[in-house]
Amino acid sequence: MAYLKKSPWLIHYNASSCNGCDIELLACLTPLYDVERFGIINTGNPKHADIFVIAGSVNDLNREVVLNIYNQMPDPKVVVAIGICACSGGVFAQCYNLSGGVDQVIPVDVYVPGCAARPESIIDGIVKSLGILEEKKEKMNKKEVSA
Amino acid sequence: MISVITAVIYLILAPLVGGLIAGIDRKLTARMQGRVGPPLLQPFYDVAKLCEKEDVTVTESQNFYILAYIVFMAVTGALFFAGGDLLLVIFAFTLAHVFIVLGAYAAYSPYSYIGAERELIILMAYEPMIILTAVGMYLVTGSFYVSDIAVSEMPVIMYLPGVFVGFLTILTIKLRKSPFDISTSHHGHQELVKGLTTEFSGSTLAKIEVAHWYETVVLLGIVYLFFGFNPLLALVVIAITYVLEIFVDNTFSRMKWQWTMKEGWGVALTFGFINLVILYYFPLGV
């Protein structure tokens, strides 16, 4: 039952991020870091994804989009918030149109702070999320047994 | 003439061989891009993971179509490796693809719609050449049966060089390699989100993946038929062919669907058809 850990596919969404964290996340896919070593693929399709990587604090316009992506992902799924904006809203926390952190909209499992978050810490956060993915799968199994 | 044993061996071994080929493919691709790449068994991990995921099917009928797709793809290979009629193999092969197109249409999403339409274009593009391949083999060996062609003493490739070049081109189309990966891409998850397979997830997506492994083995089996007179040479050529396909995949960017159409019919007309005309007017001593 350890296959979830060996092939985590992620979907990446920019929820009003300045693009700094996005660039750092995409840097993880380049030859220098090459996260495909761990079987990680950037899918772009919520129905194929296991990990929702989200950068930027969610604003009023893309709140619906974030919810939509989250709801379309099949269980088990985890959410990784990349960058300080996604974690708490950062310097934009008080803005009139921002929700102030992704966790105000959808449940977040791993927070990766930084402005912008370094590729090393992003990889670290995603690896941490794999453990949570396993836990969620076990909970799913228990539910099925009890139901 | 029909051998059930080889068909059963194919049904059991083809997913293993096809998955390994996919793993080597990903590793080689990564190396060509200067990366380390995933483990060799990564395709198996992916399929195993997909089977662990939740089922979020919206339209129930799409799962039935995909089941039909994998069944007919397995039947195609079983017929082929049992030594059956090559024309029947091609018919089952086409039928399998009709089912995946129906599945994508059933899903009711703009991305899978465009993916399905493009898959139909791909079907049209490769079909003439694959039939010319079967006809060419008949002209050389005097039989449509795979069991006869495979053990034929005739050096098929010497008489059908044009057909072989044409077949290699449609092999690129069939293996979903750039520049022809217009309906859904093989490696990168980017074309039209994921084109044909956008709406499939979990174990249904795993079935599509396994069916593709079955398909790869059949297609490489057709390459074998060109070199049936020397099995060792045939295996070497299959290896070279596949590495060449990976090289092409990494060298070219994706083209428009018009280009796929022109290329598919272009090679069928020039290389395939002219080869057959020459063969027809200068008959062999068979």
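Preceding block: the structure.
Counting restarts for each chain: residues are numbered from 1 in the order of the written sequence. Lettering of chains starts at A and numbering of ligands starts at 1, both following the order in which they are written. For this predicted model, a pLDDT threshold of at least 70 governs which residues receive local features, and a threshold of 80 or more governs which side-chain atom pairs are given and counted, while totals over whole chains, interfaces and linings are taken from all residues.

Q: I keep staring at the overall build of chain A and nothing clicks. Help me out?
A: Numbering of helices and strands runs from the N terminus, with a helix taken as a DSSP run of H or I at least four residues long and a strand as a DSSP run of E at least two residues long. If you tally the helices and strands in chain A, you get five helices and five strands. Ordered by position in the sequence, the α and β elements of chain A form the string α-β-α-β-β-α-β-α-β-α. This radius of gyration counts C-alpha atoms alone. The globule rule is 2.2 Å times how many residues there are, raised to the power 0.38. The globule rule puts the C-alpha radius of gyration for 147 residues at 15 Å, and the 15 Å found for chain A is close to it. By principal-axis analysis of the C-alpha atoms, chain A measures approximately 45 × 40 × 20 Å.

Q: I keep staring at the interface of chain B and chain A and nothing clicks. Help me out?
A: It is common to report an interface's size as the accessible area lost on association of the parts. Listed as interface residues are 25 residues of chain B and, on the opposing side, 19 residues of chain A. Of all elements in the fold, only helix H2 (42–52) and helix H9 (202–226) of chain B reach the threshold of two or more residues within the side of chain B that touches chain A. It is H2(B) that contributes the most residues to the side of chain B that touches chain A, six residues altogether. Here the side of chain B that touches chain A is composed, by residue class, of eight nonpolar, nine polar and eight charged. Here, residue contact means that the backbone-derived C-beta atoms of the two residues sit within 7 Å. Lys, Arg, Asp and Glu make up the charged group, whereas Ala, Val, Leu, Ile, Met, Phe, Trp, Tyr, Cys and Pro make up the nonpolar group; the residues left over, Gly among them, are polar.

Q: Is there a simple way to explain the nonpolar core in this structure?
A: Soluble globular proteins: nonpolar side chains tend toward being buried together. Note on definitions: a nonpolar core is a set of buried residues drawn from Ala, Val, Leu, Ile, Met, Phe, Trp, Tyr and Cys, linked by C-beta atoms within 7 Å. Backbone-placed C-beta atoms define the burial measure: a residue is buried with 20 or more other C-beta atoms within 10 Å of its own, exposed with 12 or fewer, and partly exposed in between. Ranked by internal contacts, the top residues of the largest apolar core, which has 80 residues, are B:Tyr69, B:Met73, B:Met129, B:Val156, B:Leu160, B:Tyr214 and B:Phe226. Once you skip the residues sitting within four places of it in the chain, B:Tyr69 turns out to touch B:Ala96, B:Phe99, B:Ile100, B:Gly103 and B:Ala211. Within the second largest apolar cluster, 40 residues are counted, among which are A:Leu25, A:Met73, A:Val78 and A:Ala117.

Q: Please explain the sheet that holds strand S4 (residues 78–82) of chain A as it appears in this structure.
A: As a general point, the strands of a sheet are linked pairwise by backbone hydrogen bonds and lie either parallel or antiparallel. Residue and element names in this part refer to chain A. The pairing criterion is simple: DSSP has to find at least two bridges between the two strands. An order of S2-S1-S3-S4-S5 is seen for the five strands of this open sheet, with the pairing classed as parallel. Each end of this open sheet is capped by a strand with a single partner; those strands are strand S2 (41–42) and strand S5 (110–112). To obtain each axis, a line is fitted to C-alpha atoms, and for helices this fit is confined to the stretch in contact; angles are then taken between N-to-C directions over 0 to 180 degrees. Helix-sheet contacts for helix H2 (residues 20–27) involve strand S1 (9–14), strand S3 (51–55) and S4, and the interaxial angle to S3 is about 140°.

Q: Sorry, what's going on with the environment of A:Ser88 here?
A: All names here are of chain A. Structurally, Ser 88 is set in helix H4 (residues 84–88). Spatially, the C-alpha atoms of Ser 88 and Val 112 are 11 Å apart, while their sequence positions differ by 24 residues. Excluding residues that lie within four positions of it along the chain, Ser 88 makes contacts with Ala 93, Gly 100 and Gly 101.

Q: Looking at this structure, how should I read the pairing of S4(A)?
A: Every other side chain in a regular strand lies on the same face of the sheet, so the side chains alternate between the two faces. Residues and elements named next belong to chain A. Across the five residues that make up S4, a large majority, five, are buried. A two-sided burial pattern is seen for S4, the buried positions comprising Val 78, Val 80 and Ile 82 on one face and Val 79 and Ala 81 on the other. One ladder, built from five bridges, connects S3 with S4; its direction is parallel. For Ile 51, the partnering residue across the bridge sits in S4 and is Val 78. The β-α-β motif built from S3, the intervening helix H3 (residues 63–72) and the parallel element S4 has right-handed crossover chirality. We call a crossover right-handed when, viewed with both strands directed away from the observer, the connection leading from the first strand over the helix to the second proceeds clockwise.

Q: Honestly, unusual backbone geometry in this entry has me stumped. Any pointers?
A: For residues besides glycine, phi is generally negative; the peptide bonds are generally trans as well. At the junction of A:Asp75 and A:Pro76, the peptide bond is cis and its omega measures out at -10° in the coordinates. With an omega of -10°, the peptide bond running from A:Cys115 to A:Ala116 counts as cis. Within the element layout of this structure, A:Ala116 appears in the loop between S5 and helix H5 (119–146). Phi is positive for A:Asn19, close to 85°, though the residue is something other than glycine. Located in the positive-phi region is B:Arg176, a residue other than glycine, with phi close to 55°. Within the secondary structure layout, B:Arg176 lies in the loop between helix H8 (161–174) and H9. Among the residues examined, B:Arg176 registers 22 C-beta atoms within 10 Å and is labelled buried.

Q: For this particular structure, what's the right way to read the packing of helix H1 (residues 4–32) of chain B against H9(B)?
A: Between two packed helices, what matters for the description is the angle formed by their axes and the separation of those axes. Residue and element names in this part refer to chain B. Here H1 crosses H9 at 90°, and the two axes come no closer than 8 Å. Classed by the angle they form, the pair H1 and H9 counts as roughly perpendicular. Side by side, H1 and H9 meet where Ala 14, Pro 15, Val 17, Gly 18, Gly 19, Ile 21 and Ala 22 of the first sit next to Val 210, Trp 213, Tyr 214, Thr 216 and Val 217 of the second. A class-by-class count of the residues in the contact of H1 with H9 yields nine nonpolar, three polar and no charged. Angles below 35 degrees are treated as roughly parallel, those above 145 as roughly antiparallel, those between 65 and 115 as roughly perpendicular, and all remaining angles as oblique.

Q: Explain helix H10 (residues 231–251) of chain B to me, please; I cannot follow it from the model alone.
A: In an α-helix, one turn spans 3.6 residues; hence positions three or four apart end up facing the same way. All names here are of chain B. If you check H10, its first and last C-alpha atoms are 30 Å apart, about what 21 residues at 1.5 Å a residue would give, namely 30 Å. Those residues of H10 lying buried are Ala 234, Tyr 242, Ile 246 and Asp 249. An end-on view of H10 places all buried positions within 115° of arc, on one side of the element. Turned more than 90 degrees away from the buried face of H10, the exposed residues are Leu 232, Val 236, Ile 240 and Thr 251. Under the convention used throughout, the expected extent of a helix is 1.5 Å for every residue step, that is, one less than its residue count. In this description, one arc is meant: the one made by directions from the helix axis to the C-beta atoms.

Q: What should I look at first to understand the pairing of S3(A) in this one?
A: Residues and elements named next belong to chain A. Counting buried residues along S3, five of its five residues qualify, which places the element largely inside the surrounding structure. What you see with S3 is no split at all: Ile 51, Val 53 and Ala 55 on one side and Phe 52 and Ile 54 on the other are buried throughout. Bridge count between S1 and S3: five bridges; the pairing is parallel. Within S3, the residue paired with Tyr 13 across the bridge is Ile 54.

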